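# Summary of structural features
Single-letter residue listing:
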2 protein chains.
Amino acid sequence: MGESTEQREPRVIIVGGGFGGVATAKELNGLSADVGLVDKRNYHLFQPLLYQVATAALNPADIAAPIRRVFRHQKNVHVVMGEVEAVDLENRRITVKGEQVSYDYLVLAAGAADFYFGNDHWAKIAPGLKSIDDATEIRRRFLLAFEAAELETDDAARQAALTFVVVGAGPTGCELAGAMIEIAHEVIPADFRHVDTTTARVILMEGGPRVLPAMPEKNSADALRQLEDLGVEVRLNTRVTDMNEDGVFCGDEFVPTHNILWAAGVKGAPVGQTLGVELDRSGRIVVGPDLSIPGHPNVFVIGDQAAAKSAKTGKPVPGVAQGAMQGGAFVGKIIRQEIEAQQRGGQPPERNAFSYFDKGSMATIGRNRAVADVFGLKMQGFIAWVLWAAIHILFLISFRNKVLVSIGWLWTYIFTARGARLITGGREPRVKRPPKIG
Amino acid sequence: MGESTEQREPRVIIVGGGFGGVATAKELNGLSADVGLVDKRNYHLFQPLLYQVATAALNPADIAAPIRRVFRHQKNVHVVMGEVEAVDLENRRITVKGEQVSYDYLVLAAGAADFYFGNDHWAKIAPGLKSIDDATEIRRRFLLAFEAAELETDDAARQAALTFVVVGAGPTGCELAGAMIEIAHEVIPADFRHVDTTTARVILMEGGPRVLPAMPEKNSADALRQLEDLGVEVRLNTRVTDMNEDGVFCGDEFVPTHNILWAAGVKGAPVGQTLGVELDRSGRIVVGPDLSIPGHPNVFVIGDQAAAKSAKTGKPVPGVAQGAMQGGAFVGKIIRQEIEAQQRGGQPPERNAFSYFDKGSMATIGRNRAVADVFGLKMQGFIAWVLWAAIHILFLISFRNKVLVSIGWLWTYIFTARGARLITGGREPRVKRPPKIG
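A brief look at the structure comes next. (Residues numbered from 1 in each chain as written. Chains lettered and ligands numbered in written order. Predicted model: local features only at pLDDT ≥ 70, side-chain atom pairs only at ≥ 80, totals over all residues. Heavy atoms only, no water.)

Looking now at the overall build of chain A. When its secondary structure is counted, chain A shows 11 helices and 25 strands. Of all 438 residues assigned to chain A, the portion counted as buried reaches 57%. Taking contacts inside chain A between residues at least 6 apart in sequence as the whole, the part at least 24 apart equals 66%. Of the roughly 17,700 Å² that chain A leaves accessible, carbon and sulfur atoms contribute 52%. (Helix = DSSP H or I, 4+ residues; strand = E, 2+ residues; numbered from the N terminus. Buried < 20%, exposed > 50% of the residue type's maximum accessible area, 1.4 Å probe, protein only. Contact = heavy atoms within 4.5 Å. Areas by Shrake-Rupley, 256 points an atom, 1.4 Å probe, with all protein chains shown as cover.)

Dropping the structure here:
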């Protein structure tokens, strides 16, 4: 550290290398400041395609890039791989890996964690989908389920092995459910000799009255139909009340299954809970119109970790990539203006209020269907899927700078090979009965 | 199982889905027999490129394919994911996942395991490179070493974090060492702010008098020069006598390092040790000229698990992919002929003796150098590398059926991006001192 206080450059610490943190740091490019970007992982992740890693269509490296690589040419950014242990708002410093580091500006962009509604023991049974490790774990469990079913001689146990319950029908839940049933019913049947993988069931459970609750009602209705066309059993107004290794309870009903995936609740990242500031019901930090914490004008919160309202509409800023990126650019601009003003001895401009600009949203259902709501235009089916594919191809190309790989991905994706069907890590498959080989 | 003995098809059990096992099963295509292929993993692996996964140039799925997928159209093959617990040669049956399965022919092709010369506690300190999980673990440790060095304030500890010791200078050791020093010295320097990654040392330790001991002496000399040009410190005639978390001992000398990789000894897969048959010093099963175990004509051993001699030359069959594939095709043909003869009530032909046909071998040193010995022609440098790249591109295309992805890989590989630089799984990085951020 060598905290030589004389003539120290102003220090901005950004916690989290997701969409929000990266957008903030990029906005500070060229500024005469010391920008520390802290993340417990070494990679920036394109989370909207994470379900494709979980369902073996994409490799982890297709949607993740080392954070250091992203900022290799922006010399004022220092990337630190580590977890923030404490934030001391009073004395303006954080603790990382046992050392205290002071800041002039702090941007909290640590995202969200899975929230099991107070049932933390569900976490082991029903993994969520937040990181590459989550995705490969879900892929492992998904693929092992068929291996177990192939060796299972008991009918009930085989059906439990082939029943996949997805809890939560937001975009991730719908996309997972659609991809899983397509793989089971269309991609892999010829690979197995004993088990008929077309008997696999995918059950999508949603506590509310419709799928994709954040999208317009027409999109929800379209998505519901597409899911049911594929064979997904959608259960609306269904709350999971308990679960164990053998299945899931919805009130009095018990659904036997060995595979439960969590795509339901999220809460703000744990570091927010240690600050002693106002949180909303989901553990997100309540921020003012300029996205700073009330009473702490030099501490901003953006993305999934913030409970923010859009100034124009008064509505909450949704927990999506666009919200985080726009928030990051917004607070980055404020910080830049204020540091620059200070450095030339002038007055910074007054802070604006943040308004979220909704470009629309989309979700894929299976391999060539989707719903989209773009600038108010609601689309569905193949045309929505083409739009989805075009946008994501453009993203993959810009993200990875790899035209050929991206086209290769599209090719694979359309022609169903699912190259990444590897079972790695973890333990042995769960088999209760001895196998049959003959 | 339902072991209905009347009119049962002859059963062939193949243990291991590597080059040897797959070649055997493919040779049995169309045969009226029940072919069980047992592997503890669900994927067939192109092991010669595994070091490229460990050094972040390739994704796991680029070099691994689900075994089921390989045999989806060969209906007489049943793939079982599981470990063989016991082999009962007397009663002709194996135990898999607690159940006994009888066989008419058994082909052992379970490969090799790392051999630490009796020091099994080294395994945790110095991982070897045999599976996808090994490769991602090595990749994780390699990338975390730089993260630790970036945060390290003590000079000696930083140098230990940046010292990579590779034990064993066969093809894998040479390829790992060359790739690692190129990454440290050429690919990532700009990504780090505090640590100078060009100060990283890669030390290649070899117990014998030359690198690539299985290749001709000219190749060894060329490879040594290429390694040293890249900056690898090659130590010949150097035996590792002990190691711990802080470094490696070679007799009286102690080399401080946090990163030791094992590419030295291998031994035959553990299942071979349970048979009560003759093994060689490396725990491989000694086989006769027809690759069967003496006294057990219906049990064959191929690939790395076998100690076999080539009939023409009298020399040992080397533990390489070609040896396993040729052995697999050879025993597959014997089994096919004998089963077909039995089914039509005739006499099977007499068994031939196996001869290994050496097409040559090659090893890459860094990104655009190699040594090759092909049909007696010894090449080195860029021309050898072009040959290497051409052969492997052809392989990747045929293996994955993905022309575009393979070309994309070549592109990335040549232009150094190393897309797969992700740290996944495992624990936190090893840092002894607090970090510096400013």
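Okay, the sheet that holds strand S24 (residues 370–374) of chain A next. All names here are of chain A. Sheet architecture is open: 3 strands sit in the order S23-S24-S25, paired in antiparallel fashion. Strand pairing shows two members of the sheet lacking a second neighbour, strand S23 (360–364) and strand S25 (377–380), which therefore form its edges. Taken pair by pair, the neighbouring strands of this sheet meet at an average axis angle of 5°, ignoring direction. Here 4 bridges tie S24 to S25, and the two strands are oriented antiparallel to one another. Across the sheet, Val-371 pairs through a bridge with Gln-380, a residue of S25. (Pairing = 2+ DSSP bridges. Axes fitted to C-alpha atoms, helices over the stretch in contact; angles between N-to-C directions.)

Residues and elements named next belong to chain B. This structure, assessed with the given rule, holds 28 aromatic pairs over all chains. Here the aromatic rings of Phe-249 and Phe-254 are separated by 4.7 Å at their centres, their planes lie at 50°, and the arrangement is tilted. Exposure remark for Phe-249: the relative accessible area of 28% places this residue in the partly exposed category. Phe-254 gets classed as partly exposed once you look at its relative accessible area, which sits at 34%. (Phe/Tyr/Trp six-rings, centres within 6.5 Å; stacked < 30°, edge-to-face > 60°.)

Residue and element names in this part refer to chain A. Taking burial as the measure, the 6 residues of strand S2 (residues 34–39) include 6 buried ones, the bulk of the element. Along S2, one buried face is formed by Asp-34, Gly-36 and Val-38 and the opposite face, lined by Val-35, Leu-37 and Asp-39, is buried too. Sheet analysis places strand S1 (residues 11–15) next to S2, joined by 5 bridges and oriented parallel. Residue pairing in the sheet places Ile-13 in a bridge with Gly-36 of S2. Note that S2 and strand S5 (residues 77–81) share 5 bridges and pair parallel. Bridge pairing in S5 links Asp-39 to Met-81.

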